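Architecture and fold: a report
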Amino acid sequence: MAVSDPVRVRIAPSPTGFAHLGTASTALYNVLFARQTGGTFVLRIDDTDMERNRPEYEALIYESLRWLSLGWDEGPDKGGPHAPYRQSERVDVYKEEAARLIQQGKAYRCYCTPEELEAERRQAQAEKRAYRYSRRCLTNPPEGRSVFAVRFKVPGGEVTFADMVRGEMRFDAGLIGDFIIVKSDGYPTYQFASPVDDARMEITHVIRGEEHLSNTPYQLMLVDALGYPRPHAYAHMPLILAHDGSKLSKRKHPEANLILFRDQGYLPEALINYLALLGWNPGTEQEIFSFDELVRAFSFERVQHGGARFDWEKLNWINGEYIRGLSDEELARRLKSFLPQLDEDVVRRAIPPLRTRMYKLAQAVDYLDYLWTDPPTPSLDAETVERVKAAIDALKDVPWEAEAIESALENAVASSGVGKGKFYTPLRDTLTGKKVSLPIHYTLELLPKDEALKRLERAA
RNA sequence: GGCCCGUUCGUCUAGUGGACCAGGACGCCGGCCUUUCAAGCCGGAGAUCACGGGUUCGAAUCCCGUACGGGCUACCA
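In this report, the structure presented in the accompanying data block is examined. (Residues numbered from 1 in each chain as written. Chains lettered and ligands numbered in written order. Predicted model: local features only at pLDDT ≥ 70, side-chain atom pairs only at ≥ 80, totals over all residues. Heavy atoms only, no water.)

A word on helix α2 (residues 55–67)
Between its terminal C-alpha atoms α2 stretches 19 Å, which fits the 18 Å expected from 13 residues at 1.5 Å a residue. The complete set of buried residues in α2 reads E58, I61, Y62, S64, L65 and W67. Where α2 terminates, the next one or two residues include S69, which has phi positive at roughly 60 degrees. (Helix = DSSP H or I, 4+ residues; strand = E, 2+ residues; numbered from the N terminus. Expected span 1.5 Å × (residues − 1). Buried < 20%, exposed > 50% of the residue type's maximum accessible area, 1.4 Å probe, protein only.)

Considerations on the protein's contact with RNA strand B
Inspection of the region around RNA strand B gives 61 residues, with D46, K183, N281, T356 and R357 positioned closest. Close to the protein, within 4 Å, the atoms of RNA strand B are drawn from sugar and phosphate at a rate of 72%. Between RNA strand B and D49 there is a distance of 2.6 Å, counted from a sugar or linking oxygen to a side-chain nitrogen or oxygen. A distance of 2.9 Å is found between a phosphate oxygen of RNA strand B and a side-chain nitrogen or oxygen belonging to H305. Going through the elements one at a time, β6 (167–172), β11 (308–309), α11 (312–325), α17 (420–432) and α18 (440–446) are the ones with two or more residues in the surface near RNA strand B. With 5 residues, the single largest contributor to the surface near RNA strand B is α11. Partitioned by chemical class, the residues of the surface near RNA strand B number 23 nonpolar, 17 polar and 21 charged. (Near = heavy atom within 4 Å. Polar contact = N/O pair within 3.5 Å; in protein donor to acceptor, adjacent residues only side chain to side chain. Nonpolar A, V, L, I, M, F, W, Y, C, P; charged D, E, K, R; others polar.)

Let's talk about the pattern of salt bridges
Evaluated as defined, the whole model comprises 43 salt bridges. Residue D374 pairs with R458 through a salt bridge whose shortest N-O separation is 3.1 Å. Of this pair, D374 sits in the loop between α14 (363–368) and α15 (382–396) while R458 sits in helix α19 (residues 449–459), and the two are 84 residues apart along the sequence. The exposure class assigned to R458 is partly exposed, which follows from its relative accessible area of 34%. Across the pair R387 and E383 runs a salt bridge, and its minimum N-O distance is 3.0 Å. Within this pair, R387 and its partner E383 are both found in helix α15, separated by 4 residues, close to a single helical turn. Residue E383 is classed as exposed on the basis of its relative accessible area of 52%. One salt-bridge network, held together by shared partners, links R10, R44, R90, D197 and D198. (Salt bridge = Lys/Arg side-chain N within 4 Å of Asp/Glu carboxyl O.)

Topic: the side chain of E74
Inspection of the secondary structure assignment puts E74 in the loop between α2 and α3 (91–103). Within the structure, the side chain of E74 is placed 2.5 Å from the side chain of Y85, a separation counted as a polar contact. Apart from residues lying up to four places away in sequence, E74 is in contact with R8, T40, F41, V42, L43, G79, G80, P81, H82 and Y85. (Contact = heavy atoms within 4.5 Å.)

Re the environment of T377
For T377, the location among the structural elements is in the loop between α14 and α15. On the basis of relative accessible area, T377 is assigned to the partly exposed category, the value being 38%. On a C-alpha basis, the gap between T377 and E457 in space is 10.0 Å, while along the polypeptide they are 80 residues apart. Contacts of T377, omitting those with residues within four sequence positions, involve R458 and A459. In this structure the side chain of T377 is engaged in a polar contact, spanning 3.1 Å, whose partner is the side chain of R458.

Focus on empty space enclosed by the protein
Counted under the stated rule, the structure contains 1 cavity of 30 Å³ or more. In terms of lining, the largest cavity is formed by 11 residues, of which the most central are P195, D198, V223, P231 and Y234. Looking at the lining of the largest cavity, the elements with two or more residues in it are α6 (190–200) and α7 (216–226). Per-element accounting of the lining of the largest cavity gives the leading share, 3 residues, to α6. Counted by class, the lining of the largest cavity contains 9 nonpolar, 1 polar and 1 charged residues. (1 Å grid on protein atoms, 1.4 Å probe; cavity = no way out; pocket = protein on both sides within 12 Å on 5 of 7 lines; lining within 4 Å. Points joined across faces, edges and corners; volume = space filled by probe spheres on them.)

Remarks on the layout of surface pockets
Volume-wise, the largest pocket comes out at about 1100 Å³. Lining the largest pocket are 36 residues, and of these S14, H20, E211, H212 and K250 sit closest to its centre. Sorting the residues of the lining of the largest pocket by element identifies β1 (8–11), α1 (21–37) and β8 (205–209) as the ones contributing at least two each.

Some points on the packing of helix α12 (residues 328–335) against helix α13 (residues 344–354)
Their axes nearest at 9 Å, the elements α12 and α13 cross at an angle of 110 degrees. As judged from the angle between their axes, α12 and α13 are roughly perpendicular. For the element pair α12 and α13, the recorded crossing hand is right-handed. Of the residues in α13, those in contact with D328, E329, L331, A332 and L335 of α12 are V347, R348, I351 and L354. (Axes fitted to C-alpha atoms, helices over the stretch in contact; angles between N-to-C directions. Parallel < 35°, antiparallel > 145°, perpendicular 65-115°, else oblique. Left-handed = near helix turned anticlockwise from the far one by under 90°.)

What to know about the packing of α6 against α7
Running from amino to carboxyl end, α6 crosses α7 at an angle of 55 degrees, the nearest separation of the two axes being 9 Å. Accordingly, the angle class assigned to the pair α6 and α7 is oblique. Remark: the crossing between α6 and α7 carries right-handed chirality. On α7, the residues touching Y190, Q191, F192, S194, P195 and V196 of α6 are Y218, Q219, L222, V223 and L226. Classifying every residue of the contact of α6 with α7 gives 8 nonpolar, 3 polar and no charged.

Some details on the packing of aromatic side chains
On inspection of all chains with the given rule, the structure shows 18 aromatic pairs. When the ring of W280 is compared with that of F289, the centres are 5.8 Å apart and the planes differ by 65 degrees; the resulting orientation is edge-to-face. Under the relative-accessibility criterion, F289 is labelled buried at 3%. With a centroid separation of 6.1 Å and 80 degrees between ring planes, the pair formed by F423 and Y424 is classed as edge-to-face. A single burial state applies to F423 and to Y424, both of which are buried. Over the face of the ring belonging to F148 we find R109, whose NZ or CZ atom lies 4.9 Å from the ring centre. Against the face of Y133 rests R151, its NZ or CZ located 3.6 Å from the ring centre. (Phe/Tyr/Trp six-rings, centres within 6.5 Å; stacked < 30°, edge-to-face > 60°. Lys NZ or Arg CZ within 6 Å of the ring centre and 35° of its normal.)

Following this line, the structure appears as structure tokens:
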């Protein structure tokens, strides 16, 4: 592959579960690099696991990536010069390549049953040696069997390659046993399909998670055996870790589901910002980055080598920063789907007191649900009831607008002989049924005047 | 077991031989503001740089070893 080739990168998620944080993170780094170099970003669906694939998971990948504005230039839904982009639709390609390898003596059929392989493995373990396939089907194939997988005959030697984050990598392929490239169901394994497609789709830079670092020599041997040019470089990005330091996985960590972030009201641009900072840093003290700033600042040299724990607290802070930075119009627009019970006008009026109080959009519900639910009427002592009555009197003839309400209330407080806290707390309780609310004048104003007065009179 | 990657405040990190008895951010604690809760502002605590050996006048920074964590080693991806 010539160095001057236009950059082509890709992600290859498998639709075996919801789209998760790791997919977003890898996609982000790929997109950043593509935008930075004027390259092309390809989405390839890696659906070679017939047991676990589900079409709805593929739809979720599209939905999640689009939500994050991590759009692709070529993919199953858009087509492109290397279609199809779904591996299940490229089985002929892999079969053809496997046949070529077999013909050239670089791969062979393996008729071993899972039980036989398991026995080999056990044996090796018992003898305390590293397990490698015995090659019995190469040297002494069994007779009369028809079910087979295809194994790559590992040539051994040393495999070296350039990693943009870790530098020159070197692996001893002598330690790698012959591995399966086509499963007995006819579908390719990841180790086979991935490098074949990368080569055929002319991927120039393979940017993926660190879990694939040790897989790279497997794939490079295949690329060489097939006679394809190798990618210019790889970049193995640090893993996102769960709180306990283990790799964030779909099974163990359902909270890594991207759709859940959207549904809780994390802003896509805030999540992107946080993800970029997890494992990479600009070398300056800047923390908040627009997408364009990320495109300009990102570089693989400044990528962390070790995994990073996902920290909700910091994400919450960044998300809050973004929420506070939104215009009233924009915030109202984004809040809409979280507050279907409210008129646009009410949402709009709620924004000034609301915006500094949320670190995620779904919290608006906690502050505003008193507007569409009827709180229980508190039972107040005689003295408190007098104050509520005073509030009603003060409010009765006031224009229903926050400032007017505030000054009317302040007058009532002044002549009540108690402080604001003591005066407002029962009002808040009566109006919302909660101990925490927006400032009392906003709490009142957002409610229709008759409804507000009704609730107060009920308690008085 | 083998191979690979990693290890700086609770967390994310700055740091590439002397300016570091280690800087920033989140979180935490205290104060101010304040009707509650936030936001904002001010201040503070918090890291013997995993450990042990080297190299060097000098090491968080270089080398070796150990420990710990993670990944891969599947007819999962």
